[in-house]
Amino acid sequence: MTYQRVLGDELRKLRKQRGWTRKVLQGKLQTEVSLQTLATYELGTRQCSVVRLAEICLAMDALPHDVLAKVHGRIFSDSPGEHVRLDLARVAEDTQPDLLPLRRWARDRLRATGARNAEVQLDLPALEQMAELCGLDTVELLSRLRGVMR
């Protein structure tokens, strides 16, 4: 399920980068695909065949293997077991304006535990939610967090 969700997110980002609606994408496909089907691919609630994935990617001038590499990187790099470990004190001290919602959350967690230092593990859905709150995509948030954790 995680792989499907991340693949859908990558397809949606690719489409939005081009400024396309699903209707525009639908018109560029060689086979007939309903708007609802495209939406379920993007939401990760429906599996996409390899042939259909290739068709969608190529319609958006993207190579399918590049899209799959992004998905793989989001899921497996630097996140064993699909979790990212965060030092709350480091996050709370960070000054990046985009990470303000995450900083507030880290400070609240530290206050709630009464500790000066604490570590938490965030799974992919939590990271996706945090990224949305910060106005970033998940890959960008992970990149910023890597910088904070150094």
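Residues numbered from 1 in each chain as written. Predicted model: local features only at pLDDT ≥ 70, side-chain atom pairs only at ≥ 80, totals over all residues. Heavy atoms only, no water.

**Quick word on the overall build of the protein**
Phase 1: Tallying secondary structure elements over the protein gives nine helices and two strands in all.
Phase 2: The order of α-helices and β-strands along the protein, N terminus first, is α-α-α-α-α-β-α-α-β-α-α.
Phase 3: For the protein, the spread of C-alpha atoms along the principal axes amounts to about 60 × 25 × 25 Å.
Phase 4: Burial status across the protein gives 43% buried among its 150 residues.
Phase 5: A sequence separation of at least 24 residues applies to 64% of the contacts in the protein between residues at least 6 apart.
Phase 6: As displayed, the protein has an accessible area near 8900 Å², and 51% of this comes from carbon and sulfur atoms. (Helix = DSSP H or I, 4+ residues; strand = E, 2+ residues; numbered from the N terminus. Buried < 20%, exposed > 50% of the residue type's maximum accessible area, 1.4 Å probe, protein only. Contact = heavy atoms within 4.5 Å. Areas by Shrake-Rupley, 256 points an atom, 1.4 Å probe, with all protein chains shown as cover.)

**Regarding the confidence of the model for the protein**
Phase 1: Per-residue pLDDT for the protein has a mean of 88; in total, 95% of the residues score no lower than 70.
Phase 2: By mean pLDDT, the top-scoring element of the protein is helix α2 (residues 22–28) (97), and the lowest-scoring one is strand β1 (residues 83–87) (82). (pLDDT = per-residue confidence, 0-100.)

**Quick notes on the nonpolar core**
Soluble globular proteins tend to bury their nonpolar side chains together.
Phase 1: Ranked by internal contacts, the top residues of the largest apolar core, which has 23 residues, are Leu86, Leu88, Leu102, Trp105, Leu127 and Leu141.
Phase 2: Taken together, the elements giving at least two residues each to this core come down to β1, α6 (88–93), α7 (100–113), β2 (119–123), α8 (124–134) and α9 (138–149).
Phase 3: In this view, Trp105 contacts Leu86, Leu88, Val120, Leu122 and Met130; residues no more than four positions away in its chain are not counted.
Phase 4: Judged by nonpolar contacts, the second largest core, of 20 residues, contains Leu14, Trp20, Leu38 and Leu53. (Core = buried A, V, L, I, M, F, W, Y, C linked by side-chain atoms within 4.5 Å.)

**Some words on helix α1 (residues 2–17)**
Phase 1: Taking 1.5 Å as the rise per residue, α1 with 16 residues should run 22 Å; its terminal C-alpha atoms sit 22 Å apart, in good agreement.
Phase 2: Burial in α1 covers these residues: Thr2, Gln4, Val6, Leu7, Gly8, Asp9, Glu10, Leu11, Lys13, Leu14 and Arg15.
Phase 3: Once α1 finishes, Gly19 follows within two positions and takes phi at roughly 75 degrees, a positive value. (Expected span 1.5 Å × (residues − 1).)

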